[in-house]
Amino acid sequence: MMKRLFYILFSAMAIVAASCSDDSFTTSRSQLLTFSTDTLKLDTLFSGVPSATSSFMVYNRGDKALRIRQARLEHGNQTGFRVNVDGVFLDNANGSQAQDFEIRKGDSIRVFVELTSFPTTTDSPQLVADNLVFALESGVEQKVNLTAYSWDALSLTNLRVGRDTLITSVKPIVVYGGIRVDSGAVLTIKSPAQLYFHDSAGIDVYGTLVVEGEKGNDVVMRGDRLDRMFDYLPYDRVSGQWKGIRLHSSSTANRLSYADIHSTDDAILCDSSAFDPGSHRLVVANSTIHNCKGYGIKAVNANISLVNCQLTNTLADCLAVEGGATAVTYCTVGQFYPFSADRGVAIRFGSLPLTGLRGSLTCINSVFTGYADDVVMGDSTLFDYQFFNSVLRTPSVADSVLLASRFHNVVFELPSDSIQGDRHFVSIDIDRQYYDFHLDSLSTLRGKALPLEAIIDDREGLPRGDTPDIGCFKSR
């Protein structure tokens, strides 16, 4: 009785298993694969540098299983693409191909693609393309196009500058490990140079850094990721991609003009040193500092000048000064950092702790604004500060003596103002992390600046004569 029951159960299970598993394969030319994309785009990458891994799905939506007799790259190993199909690597030693894959009905497999492109011997990005061919048992061949752009670049690894050195190049320069400028040496970076820093790389300056861009042709310093975090978000718009610039205590006479520094940790840190009122440790003119995971500029006991600059979107303060002497002229300082609500302010100033040294700050024809109700933080203890003809997003000063002595023709911007904060500017697109700090046509900053000669004799980098708008010329 038990044996008979066992055979009945076994037979039933076999019938059920057979009915649930239709292993029959079709060679019909009408049943095809479908793909999650017809073209896989890997964006732009530097030649010789491996890309990030991308993937797509291959589906069998038919009612029979399909056999893929062969998966191969149409150009073999000549383009630099590397492919893994459902866990099987297309062996470059065997013509970049693999055989005998099966996809049951209603099932799918994933394909992974990477690229290390070959040098193109040109100065501009060049298209790299290949087709991944799926040859079915039926004889039908289906293709997915693989594309990327390859850009030849120069490479600098752990560069130590021990004597006066010039860096300039039409080709992009990828920096690994970082750059160190020794005490007594001058590193000059001139346009059309564009420096792409690998993760954790930056510039440590013990001597002098000179950046000489040109109007309409900035020296660009940014991270080296050319791909995207998401379809709508390039890594270039994500903060913290590289270390930034640090001016150590022995560093002096640093000058940056027409520089674009973005997506750093701290853009510029200026360490404390002996204060020299007769010479600048740092002059930044006609430049943009944007999207930092730390400070935009932090200067300790330093003599610095910022002229016609944009400092925007930092996790810490856009501009922080402790002691020393700071002059800010025709600058746009906007605190709209998107990645944390615990962001710093547009400007913070105060005395240098424990030293008793008096600091000073002079701001002329500049705007300090942001999301918060108050983005201007200062400590008047042992600190002299003056704001001339500027817009400050901070509560109005009630003390009439303080108002008369520190704030001259200043507009205190309030959240209730019809045009305030991000409404001054052309585009603040948080979703795409895209920011255009040109003044909007309706901005109240237009036509409100004093002519420069009325308040100061000379400032590097500014045009002479009437300059009607408050803020940075560069961002207009």
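Since the structure is predicted, the reported quantities are computational estimates derived from the model, not experimental observations.

Procedures and definitions
- Residues numbered from 1 in each chain as written.
- Predicted model: local features only at pLDDT ≥ 70, side-chain atom pairs only at ≥ 80, totals over all residues.
- Heavy atoms only, no water.
- Helix = DSSP H or I, 4+ residues; strand = E, 2+ residues; numbered from the N terminus.
- Rg over C-alpha atoms; globule rule 2.2 N^0.38 Å.
- Buried < 20%, exposed > 50% of the residue type's maximum accessible area, 1.4 Å probe, protein only.
- Contact = heavy atoms within 4.5 Å.
- Lys, Arg positive; Asp, Glu negative; His and termini not counted.
- Charge placed at Lys NZ, Arg CZ, Asp CG, Glu CD.
- Phe/Tyr/Trp six-rings, centres within 6.5 Å; stacked < 30°, edge-to-face > 60°.
- Lys NZ or Arg CZ within 6 Å of the ring centre and 35° of its normal.
- Core = buried A, V, L, I, M, F, W, Y, C linked by side-chain atoms within 4.5 Å.
- Salt bridge = Lys/Arg side-chain N within 4 Å of Asp/Glu carboxyl O.
- Pairing = 2+ DSSP bridges.
- Axes fitted to C-alpha atoms, helices over the stretch in contact; angles between N-to-C directions.
- Disulfide = S-S within 2.5 Å.

### Digging into the overall build of the protein
From N to C terminus, the protein includes two helices and 42 strands. Taking 23 Å as the expected radius of gyration for a compact globule of 476 residues, we find that the protein reaches 30 Å, considerably beyond that expectation. Here the C-alpha coordinates of the protein stretch approximately 105 × 55 × 45 Å along the principal axes. Classification of the 476 residues of the protein by burial places 49% in the buried group. Taking as baseline every contact in the protein between residues at least 6 positions apart, the subset at least 24 positions apart corresponds to 60%. The averaged location of the 54 negative side-chain charges in the protein is 5 Å from the averaged location of its 43 positive side-chain charges.

### Quick look at the packing of aromatic side chains
Each pair of aromatic rings is reported with the distance of its centres and the angle of its planes. Taken as a whole and assessed by the stated rule, the structure comprises 21 aromatic pairs. For the pair F349 and F383, a centre-to-centre distance of 5.4 Å together with 35° between the ring planes defines the contact as tilted. Taken as a pair, F349 in strand β33 (residues 347–350) and F383 in strand β37 (residues 383–388) lie far apart in primary sequence, 34 residues in all. The exposure class assigned to F383 is buried, which follows from its relative accessible area of 0%. Ring geometry for F349 and F387: centres 6.2 Å apart, planes at 55°, overall tilted. Of this pair, F349 sits in strand β33 while F387 sits in strand β37, and the two are 38 residues apart along the sequence. As far as the burial class goes, F349 and F387 line up, both buried. Through a chain of ring-to-ring contacts, three or more aromatic side chains come together here, namely F349, F368, F383, Y385, F387, F407 and F412. Taking the ring centre of F25 as reference, the NZ or CZ of R67 above it sits at 3.8 Å. Over the ring of Y206 we find R180, and its NZ or CZ is 4.3 Å from the ring centre.

### Remarks on the nonpolar core
Side chains of nonpolar character tend, in soluble globular proteins, to be buried together. The biggest cluster of nonpolar side chains holds 62 residues, and the ones touching the most others in it are I189, M221, I245, I261, I268, F368 and F387. No other element matches the four residues that strand β13 (residues 173–181) contributes to this core. In this structure, F56, A71, L136 and V144 belong to the second largest nonpolar core, which totals 30 residues.

### As for the pattern of salt bridges
Evaluated as defined, the whole model comprises 18 salt bridges. Residue E114 pairs with R82 through a salt bridge whose shortest N-O separation is 2.9 Å. With E114 in strand β8 (residues 108–115) and R82 in strand β5 (residues 81–85), this pair connects stretches of sequence that are 32 residues apart. Among the salt bridges present, the one from E413 reaches R393, with a minimum N-O distance of 2.9 Å. A residue pair is termed long-range when its members are at least 10 positions apart, and E413 in the loop between β40 (411–412) and β41 (425–429) and R393 in the loop between β38 (391–392) and α2 (400–406) qualify at 20 residues. A relative accessible area of 2% means that E413 is categorised as buried. The class for R393 is buried, based on a relative accessible area of 3%. The network of salt bridges with shared partners includes R160, R180 and D182.

### Considering the sheet that holds strand β9 (residues 126–136)
Read across the open sheet, the five strands follow the order β2-β10-β9-β4-β7; overall the sheet is mixed. The strands lining the two open edges of the sheet, one partner per strand, are β2 (39–46) and β7 (97–103). Each strand axis lies, on average, 25° off the axis of its neighbour in the sheet, ignoring direction.

### Considering the state of the cysteines
Under the definition given, this model contains zero disulfides. Of the cysteine sulfurs around C270, a residue in no disulfide, the closest is that of C309, at 14 Å.

### Observations concerning the sheet that holds strand β12 (residues 165–167)
Ordered by their spatial adjacency, ten strands build an open sheet running β12-β14-β17-β22-β25-β28-β31-β34-β37-β39, and the pairing between neighbours is parallel. If you trace the sheet from one side to the other, it starts and ends with β12 and β39 (407–408), each paired once. In this sheet, strand β28 (residues 303–307) lies alongside strand β25 (residues 282–285) in parallel orientation, the contact comprising four bridges. When the sheet's bridge partners are listed, A285 is paired in β28 with V307.

Function cannot be read off these values alone, since they describe shape.
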